[in-house]
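Notes for the structure review
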Amino acid sequence: MKHPLLISSFALAASVSAACFDFETGDLQGTVGKADFAERRAEAAVRELGAKFPTYPAAALLGRLAQLRAEKASRAALDDFLKAALVRDNPLVNAHEIVYTTRDMWAQDHHNTATLFQCGEVNQNSYRTQGALKALDVKSGAVRVIVPEVAGRTVRDPEVDYDGRRIVFSMRAGKADDYHVYTVNADGSDLKQLTRAKGVSDIDPVWLPDGDILFGATREPKYCMCNRHIMCNLYRMKPDGANIHQIGKSTLFEGHPTVLSDGRVLYDRWEYVDRDFGDAQGLWVCNPDGTRHAIYWGNNTTSPGGVINAREIPGRGSQVIASLVSCHDRAWGALGIIDRSRGVDGPEPVLRTWPADYRAKIHAGGKEDFDSTRSLAVKYADPYPLDDGHFLCTRTVGRGGEMAIVYLDLHGNEVVVHEEAPGCHSPVVLRPAKKPVVQAAQRNFDDPQAPGRFYVQNVYIGTHMQGVEQGAVKALRVVESPEKRSWLPVRGWFGHGEEAAAMNWHSFENKRILGTVPVEEDGSAYFEVPGNTFVYFQLLDKDGKMIQSMRSGAYLQPGELHGCVGCHENRVGDVPKTEKQPRAMLRAPSKLDGSYNLRGLEKGTPAHLYSFQKEVQPVLTARCVSCHDYGTKAGAKLNLSGDLGAYFCTSYVDLWALGHVKCIGGGPAEIQPAYSWGAHASPLTKKLYGHAKVQLTDDERDRLVTWMDVNAPYWPCYECAFGQNYGGRMPLTRAEHDRLQKLTGVTIATGHAARQREQLDFVRPECSRILEAVKGRPAHDEALKLIRTAAARLKTRPRADMDGFVPNEADRARAARYRKRLAEERRVYESIRNGKKVYDE
């Protein structure tokens, strides 16, 4: 379907442009030749600008264009005309200076967010840039320096205040420093450093309409779950750098914030709960105080893998322009105009892309194509609206990663505004702007974990609740998905992506069940949740089985009240009307008591990190292992022994590898249908209601059901005992591991895809399957000795699935750093409560 002209001002030029240009796809229509098409795009833009700006020399420019047509001028001559007509003479471009930074493109790394190269972190040696903050006068072509280039110093992320006089940006003094936030007057005077904490990076600052500054920072040190890189959250501070406090709490990356005209903050967020890592980076919004975080677009879109650097298009309400990027690439790719009123995922809301043919690659569901922009011959970044139909951006110009400032319009014109080695980045216009609405605070500062309240109007309202009968949902379980606070410097477990350290068969997260609350007959629920705690919700039936589960996270600020209509409801459709107050809202909010279900499993127990060995294995040992063990007929088919293996234990590997559980793991981006995974769908569940004369108690059955429903995890924490060994969990040293593989010719762990059964046994080394490959051969004794040596090591250094576990030294140091940063957050809360100011120490 062809979308109508996107921009209202285009109506003036419709007779020229609409006949030959599809504004949705950018395709050439009809039989117009490509050379003539380029001239017609130019003509449409000139006519439009002439209608908008009386002083614009449209008549003269159209005359010159006609002359070029008559002369059949070269492409170079047409480019010169475009530079004059659409850049130098264009009031949208030449009225004010363009502020930008110079530097090389970031070094290629794991993910598009990996641009920090922070000291002491995994990619610190990739820091290699330096550059300046400059301003371009488009009319004259003159460039002046605002913050000069100094050897090793990098300037990034400039934003102009609403008065058009002062610039906030991030700067790193050199390789031994990290990024901090600065401000400077537009003429280069009064340079001030606002943040100065050691061992953190502060980037992406933006002015709020009340004068405060919002930015991204690594101040809560957390790491990429599918690799090792440090991540950012959103923070807010006073204009002088006082009272820096966290307003975003997702478990991975929050960045590139901008302010919408209604005062909300638009930002990009990378996080995943029980889903793939590569397509989990979409656009989100929140209030500037950190309340009411909500999906904007792209959270369940498979391609592109990331949507970043979004800015509102002025006067177009729900439309933004953003960078559409790959997961595993630098922060460049395509550009797209997104109309959120048309949906929160997939291609329908994407009205236009650069390049135009990229729109065909946008999809939600199907093929995992989260790196779909990597193959683009031309890469775009840094979109900036000049008005409702004309834009600046940066774009490659055929010299490797060098980027130039480029003008775009919806007629299809692209004109280089300025190019300068080693590259130009982050162009913004130095002009005043109308201040957005100032949002009132909806939170308090009692304590970072002081509770807030969630409500759900009706859990039966949802896009993926088909087949769920009214009354089927009896409870809502609240599960925390904690952040990863450590990383492993050696090879990890390849469950899905790389888990460093190993966590689960196919997903990345550990879990903490905070409690279960009732759902009323009308489908409503109302409950407290600790503040600044990343949680997700599961709907349970009368037997405590999961019906539906969130695949993203939510969190509250202290004192916040936040809610939703239903479970994955249509966020742009009509909100169902109800004449009655939801029943749950007529009572006090339910409190979380640690219970796993409404039968009260674990009720009253302090919420703790979920461990397969603590929660599930005791049931298997008591009820199953007498038959399902090494040396038994049943054990040959399914071994439910809890003996410790290379990365997990024997029973855990068999249950996953042999297909006895059907869980989503690190599954696809799409929201899944109700009842489609977990205990309702797993073959193991049938055995829980009577098998070989074994009758489980309700408590025992509930433990196995709960385990499947929280995605069948294994490890309770990311910290590990063996920080220099593969996967962090294995007591074999790397040399012993490699020797054992060489002796036997067997790969010890091939990753989840091969569905290989456990090869090692560190409780009964002689039972290790890997020994079957060298049975009766001289290598057998050496191989067994290696396994026994490692088993003895476990007795003196227990790992995290054993009693007595102590993290390795590096993990303990990171934990101490985390506690220090949390203490700093509490210090700021106290200052705000008391009406005082505190600064970075």
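Refer to the structure printed above.
Let us look at the structure shown here. (Residues numbered from 1 in each chain as written. Predicted model: local features only at pLDDT ≥ 70, side-chain atom pairs only at ≥ 80, totals over all residues. Heavy atoms only, no water.)

**So, helix α3 (residues 58–70)**
For α3, with 13 residues, the first-to-last C-alpha span of 18 Å sits near the 18 Å given by 1.5 Å per residue. When we look at burial in α3, the residues that qualify are A58, L61, L65 and L68. Looking straight down α3, one finds that the buried residues subtend no more than 85° of arc, so they occupy a single side. Turned more than 90 degrees from where α3 packs its buried face, A59, A60 and A70 sit exposed. Backbone geometry just after α3 places K72 at a positive phi near 50°. (Helix = DSSP H or I, 4+ residues; strand = E, 2+ residues; numbered from the N terminus. Expected span 1.5 Å × (residues − 1). Buried < 20%, exposed > 50% of the residue type's maximum accessible area, 1.4 Å probe, protein only. Arc of directions from axis to C-beta.)

**Thoughts on the sheet that holds strand β26 (residues 475–480)**
Ordered in space as β27-β26-β29-β30, the four strands form an open sheet in which the pairing is antiparallel. What marks the edges here is a single partner per strand, and that holds for β27 (512–518) and β30 (546–549). Put simply, the sheet's adjacent strands are angled 25° from each other on average, direction ignored. Where β26 lies against strand β29 (residues 535–540), six bridges are found, and the strand directions are antiparallel. Bridge pairing in β29 links L476 to L539. (Pairing = 2+ DSSP bridges. Axes fitted to C-alpha atoms, helices over the stretch in contact; angles between N-to-C directions.)

**Considerations on the packing of α3 against helix α4 (residues 75–88)**
One can describe the packing of α3 onto α4 by two numbers: an axis separation of 11 Å at closest approach and a directional angle of 175°. Taken together, α3 and α4 sit at an angle that is classed as roughly antiparallel. Contacts between α3 and α4 involve L61, R64, L65 and L68 on the former and, on the latter, A77, L78, F81 and A85. Across the contact of α3 with α4, the residue classes break down as seven nonpolar, no polar and one charged. (Parallel < 35°, antiparallel > 145°, perpendicular 65-115°, else oblique. Contact = heavy atoms within 4.5 Å. Nonpolar A, V, L, I, M, F, W, Y, C, P; charged D, E, K, R; others polar.)

**Quick look at the nonpolar core**
Generally speaking, a soluble globular protein has its nonpolar side chains buried in company with each other. Grouped together as the largest cluster of nonpolar side chains are 144 residues, with contacts concentrated most on Y272 and W707. With eight residues, the single largest contributor to this core is helix α13 (residues 779–796). Leaving out residues up to four positions away in the same chain, Y272 has contacts with C224, M225, C226, L252, F277, A280, F508 and E509. Of all hydrophobic cores here, the second largest spans 46 residues; its members include A42, L86, V93 and L430. (Core = buried A, V, L, I, M, F, W, Y, C linked by side-chain atoms within 4.5 Å.)

**Describing the environment of R703**
The topology assignment puts R703 in helix α11 (residues 698–709). Considering only alpha carbons, one finds R703 and P618, 85 residues apart in sequence, at a separation of 9.8 Å. For R703, the residues in contact, after removing those within four places along its chain, are L601, E602, Y610, E615, V616 and V619.

**Concerning the sheet that holds strand β6 (residues 180–185)**
One open sheet holds the four strands; their spatial order is β4-β5-β6-β7, and the pairing between them is antiparallel. Each having just a single partner strand, β4 (154–160) and β7 (192–193) make up the two edges of the open sheet. Pairing geometry for β6 and β7, over two bridges, is antiparallel. When the bridges of β7 are listed, Y182 appears paired with Q193.

**Let's talk about the side chain of N90**
Here N90 shows up in the loop between α4 and α5 (91–94). A relative accessible area of 0% places N90 in the buried class.

**Notes on the packing of helix α12 (residues 734–744) against α13**
For the pair α12 and α13, interaxial distance at closest approach is 9 Å and the crossing angle is 155°. For the element pair α12 / α13, the angle class is roughly antiparallel. Relative to α13, α12 is oriented so that their crossing is left-handed. Taking contact as the criterion, the partners of E736, R739, L740, L743 and T744 in α12 are, on α13, A779, E782, A783, L786, I787, T789 and R793. When grouped by side-chain class, the residues that make up the contact of α12 with α13 number six nonpolar, two polar and four charged. (Left-handed = near helix turned anticlockwise from the far one by under 90°.)

**Focus: the pairing of strand β28 (residues 525–529)**
For β28, the buried fraction is high: four of the five residues fall into the buried class. Across five bridges, strand β25 (residues 452–456) lies against β28 in antiparallel orientation. Each bridged residue has a counterpart across the sheet, and for Y455 the counterpart in β28 is Y526.

**Concerning the side chain of R443**
Inspection of the secondary structure puts R443 in the loop between β24 (424–429) and β25. Despite its burial, R443 pairs with no opposite charge; the closest candidate is D289, at 5.6 Å N-O. At 3.2 Å, the side chain of R443 and the backbone oxygen of D289 are in polar contact. At 2.8 Å, the side chain of R443 forms a polar contact with the side chain of Y829. Setting aside anything within four residues of it in sequence, one finds R443 in contact with H245, Q246, I247, D289, T291, Q557, P558 and Y829. (Lys, Arg positive; Asp, Glu negative; His and termini not counted. Salt bridge = Lys/Arg side-chain N within 4 Å of Asp/Glu carboxyl O. Polar contact = N/O pair within 3.5 Å; in protein donor to acceptor, adjacent residues only side chain to side chain.)

**As for the pattern of salt bridges**
The full count for this structure, using the stated rule, is 56 salt bridges. With a closest N to O distance of 3.2 Å, D279 and R275 form a salt bridge. By relative accessible area, which is 1% here, R275 ends up buried. Among the ionic pairs, R512 bridges to E480, the shortest N-O distance being 2.7 Å. Of this pair, R512 sits in strand β27 while E480 sits in strand β26, placing them 32 residues apart in sequence. One network of salt bridges, with partners in common, ties together E220, K222, K249, E483 and R485.

**Some thoughts on the packing of aromatic side chains**
All told, the structure shown has 24 aromatic pairs when counted by the stated rule. Where W493 meets W505, the ring centres are 5.7 Å apart and the plane angle is 45°; that geometry is what we call tilted. Taken together, the residues W493 in the loop between β26 and β27 and W505 in the loop between β26 and β27 connect sequence positions twelve residues apart. Looking at W493, the relative accessible area reads 4%, which means it is buried. Taken together, a centroid distance of 5.0 Å and an interplanar angle of 75° make the contact between Y714 and W715 edge-to-face. Across this residue pair, the class does not change: Y714 and W715 are buried. The lysine or arginine in question, R340, covers the ring of Y296, its NZ or CZ lying 5.5 Å from the ring centre. Between R729 and the ring centre of W715, over which it is positioned, the NZ or CZ distance is 4.0 Å. (Phe/Tyr/Trp six-rings, centres within 6.5 Å; stacked < 30°, edge-to-face > 60°. Lys NZ or Arg CZ within 6 Å of the ring centre and 35° of its normal.)

Note that all results are geometric; they support no functional claim without further evidence.
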